[in-house]
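# Close look at the chain arrangement
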Amino acid sequence: MGKGNLGFYQRAEVTIIFAFNKKHKTPRNLYTIIVLEENKPELNQDGFLTDGLIEINNEYSLGISQEYKSLPEIENKYQKLIEEDKWSDDKDQLNIADLISVPKQFVRSDGSKLIPVNSVLKNNFYNGSYILEFFDQDKNIFDSVFNSPEEFKKTAEKIRDIIPIDLTFIKDRVGNIIFQFPVTLLTYKNSSKENWNGSNLKLIWHPEVKNKEEFSLIAKNEFDGNLMGFYNPKNTLKNKNSITTGNSKNLNEFIIYNQENNLIAAHIVNSYLGENFELLIEAESVIRTIKCEEKKVEIKLKSLSKRTSKKYSDYFSHIKKRKYENEKKRLAQNLSIIQYGKNGIDDRKKALEDIRKLIEKHGRKGAYLWDPYLNHKDLMQTLYHCLYRNVPLKAITAYNKSSKKIHNNRLGIKNANLKRWIRREKAYFKVASDNFALNLEFRVRNNNYGWNFHDRFLLFPYSDRLHKPAVWSLGTSVNGLGKNHHILQKLNNPQIILDEFNDLWDELTAAGDDTLVWCSKDD
C-alpha cells in the first residue's frame, strides 16, 4: 500500500461467505469474501439448517457470519495470507483456494457510472476505498458447487436478503478475499462557478490529518471524447479552492491525492445542475381515481414546474445533436436498432436481407429462432441462408389455441390437429430443399410440453467478435417482417434470453418425438 494515511479506524469488519460438503465436518473450498461454521443436515420449518446454514443443493450449504476484529488482528491475518497462503479464525483453519495477490486498487463510489465491485464492498458511498484483493483464478467452486445458473442465482439472492452484498453481476469475485480500506481523510462540497468556467471546491479535513500541505488535486472536464478543461495547481490545497478549468458544464472529475506517496484521498465525478432544469412539486388535493376489477385506486398527482433561462443554440447543443444523429446512424448500420414499415411502406425485402446479414455476421457458432408462428417457409427465408456448414440451427414454434388457426391457414388445411400439421411441415422440408450441410432442428411447444411465449427473437449462442451471446428482438413474427411497422432491436441482456431459450429447448428435447417437427439429420 505504501506509506501515508488512508483513513482512521478502531476496528475493521470481516465478512466471509462459505459453503462446504455435508459429508465432511471439515470445511471445503467454497470461500469468497465472508467464516465457516459446521453444517448439520436437519432443516427447520423455514427451510434453513438448524444451525443457521442455507441449503444450496443436496451437497452444499451456505452460511454467513460477521465478526469484528481490531486492525492488528486483521494485519496478522493479512500477513499469514501473504506468507503462508492460509486463513484461520479463532477455532479452525479454513481451506482456501490458491489465491493470487492483485495490485492495490482504488474504487470510487457510484456516480455517472456504476462500479461493479461496489456491489460487494461495504458502504463505498463517499470518497472511495482502496482494496487489497486476493483472486481465485481457477474458480473450481463453480464446477463443484454451482451446477446451474439457477443455483448461483438462488445463492446470490439468499446472500442479498441477509447482507448488502450482490454477487449476481460480479461472479468473477466468487472465491476471492478482499480487504477494504475506506478513505475518510476529508469531506467535500463543490459547485460550478457562475460563469461555468470552473468549480468551487470546499474541503473539510479529518482533525487528525496533519500533513495537508502534501495533498494536491487534478481536475478535468470531458465532453465528446475531448478534454474541455484541465487543472493541476502548483499550490497546496486550501479549505476553499477556486478551480479554473475553462469549462464545468459537463462531466467534472476531481482526484485529490498525496504527492508524497501518490495515494488517492478522494475521487469525485459529477455534473452540475445546468441553466435549464425542472422541478416536480405536488399539487394540492389533486387526485386521479381508477376503478378496475372492483378495486378503487387513488393517485396523487404532481404538477411540473419548469424554470429555464432563455433558450438558445450554443456549441454544446450543436455537438449533442450531431452525437445523437451519428449514434442513430451507427445503430442502424450495425442493425442494432432499425425500424421497418413506417408510413405504410412495405419493407419486407429489406427486413429479410437484414436478418440474413445478421446470420452471416454472427452465425459462425449457430443461430436460433424463437417465434410462436414459425413454419418451414420462415426458416427457409432465414436460417437456411446461414453460410456455415453444419453449425447448429434451432427453431421453436408453438401450436396451441392462439396459433393453431394461423398455422393451419398458412398451410391451407382445415380442422387440422398437431400431428397432421407436423406431417405437412415435414413434407415441405423434404421437397423444398436438398438440405445439404444443414444441421437444423425444429421443435414445437404444445399443450403438453413447455410453456407459453409471445415475444420473437433471433439468437446467436456466441458472437464471432466478442465470443458472447447476441440476441435481437424481432418486434413481429418472421412471416410479418417488414410488412407493418415494427422495430428490430439488439438486446443488452442477451444471456438471460438465451438461457430461457435453452431451458425451453431442453424441456422440448426431453419430450422426444412429441415435440419434434423436423430434424435435417434424420433425413
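Sequence positions are assigned chain by chain, starting from 1 and proceeding in written order. Per-residue local features are limited, in this predicted model, to residues with pLDDT of at least 70; the limit for side-chain atom pairs, both in listing and counting, is 80 or more; totals at the level of whole chains, interfaces and linings are taken over all residues. The side-chain quantities take in all heavy atoms of the structure and omit both hydrogens and water.

## Observations regarding the overall build of the protein chain
As a reminder, the rule being used: Elements are defined by DSSP. Helices are runs of H or I of four residues or more, strands are runs of E of two residues or more, and each kind is numbered from the N terminus. Only protein chains enter the area calculation, which uses a 1.4 Å probe; residues under 20% of their type maximum are buried, those over 50% are exposed, and those in between are partly exposed. Surface exposure here means Shrake-Rupley accessible area, sampled with a 1.4 Å probe, where a residue is shielded only by the protein chains that are shown.
Regarding its fold elements, the protein chain presents nine helices and 26 strands. For the protein chain, the residues scored as buried account for 43% of the 523 residues in total. Carbon and sulfur atoms form 48% of the exposed surface of the protein chain, whose accessible area is close to 30500 Å².

## Some remarks on the sheet that holds strand β11 (residues 198-205)
What counts, and what does not: Here, a strand pair is defined by DSSP locating no fewer than two bridges between the strands. Lines fitted to C-alpha atoms define the axes here, with helix axes fitted over just the stretch in contact, and angles between the N-to-C directions of these axes take values from 0 to 180 degrees.
The three strands lie next to each other as β10-β11-β14, forming an open sheet whose pairing is antiparallel. Looking along the sheet, the strands with just one partner apiece sit at the ends: β10 (186-192) and β14 (240-244). Each adjacent strand pair in this sheet contributes to an overall mean axis angle of 20 degrees, direction not counted. Across five bridges, β11 lies against β14 in antiparallel orientation. Bridge pairing links L201 to N241 in β14.

## Examining the sheet that holds strand β7 (residues 99-107)
Through backbone hydrogen bonds, the strands of a sheet pair up, either in parallel or in antiparallel fashion. Reading across from one edge, β7-β8-β9 is the order of the three strands in this open sheet, with antiparallel pairing throughout. In this open sheet, the two edge strands, each paired with only one partner strand, are β7 and β9 (177-182). Across this sheet, the average inter-strand angle for adjacent strands is 15 degrees, counted without regard to direction.

## Observations concerning the environment of Y130
Relative to the assigned elements, Y130 resides in strand β8 (residues 129-136). Taking the C-alpha atoms as reference points, Y130 and P182, separated by 52 residues in sequence, lie 6.4 Å from one another.

## Points about the confidence of the model for the protein chain
Worth spelling out the cut-off: One number per residue, pLDDT, summarises how confident the predictor is, and it ranges from 0 to 100. A contact between two residues is defined here by any heavy atoms of the two lying within 4.5 Å.
Residues at a pLDDT of 70 or more form 76% of the protein chain, whose mean pLDDT is 77. Within the protein chain, the lowest mean pLDDT, 28, falls on strand β2 (residues 30-31), and the highest, 95, falls on strand β20 (residues 367-370). Long-range and interchain partners of residues 275-280, a stretch whose pLDDT sits below 50, account for 19 contacts in this model, where long-range means more than four residues apart.

## Focus: a negative patch on the surface
Selection rule: For patch building, the residue pool is restricted to those with more than 30% relative accessible area and no salt bridge; the joining distance is 9 Å between like charges and 5 Å between nonpolar side chains (Val, Leu, Ile, Met, Phe, Trp, Tyr). A pair is scored as a salt bridge if a Lys or Arg side-chain nitrogen falls within 4 Å of a carboxyl oxygen belonging to Asp or Glu. For the charge count, each Lys or Arg is scored as positive and each Asp or Glu as negative, with His and the chain ends excluded. Charged groups are reduced to one reference atom each: NZ for lysine, CZ for arginine, CG for aspartic acid, CD for glutamic acid.
There is a patch of like negative charges on the surface, built from E150, E500, D503, D506 and E507. For the negative patch, the leading source of residues is helix α9 (residues 494-510), giving four residues. Note on placement: E507 falls in helix α9.

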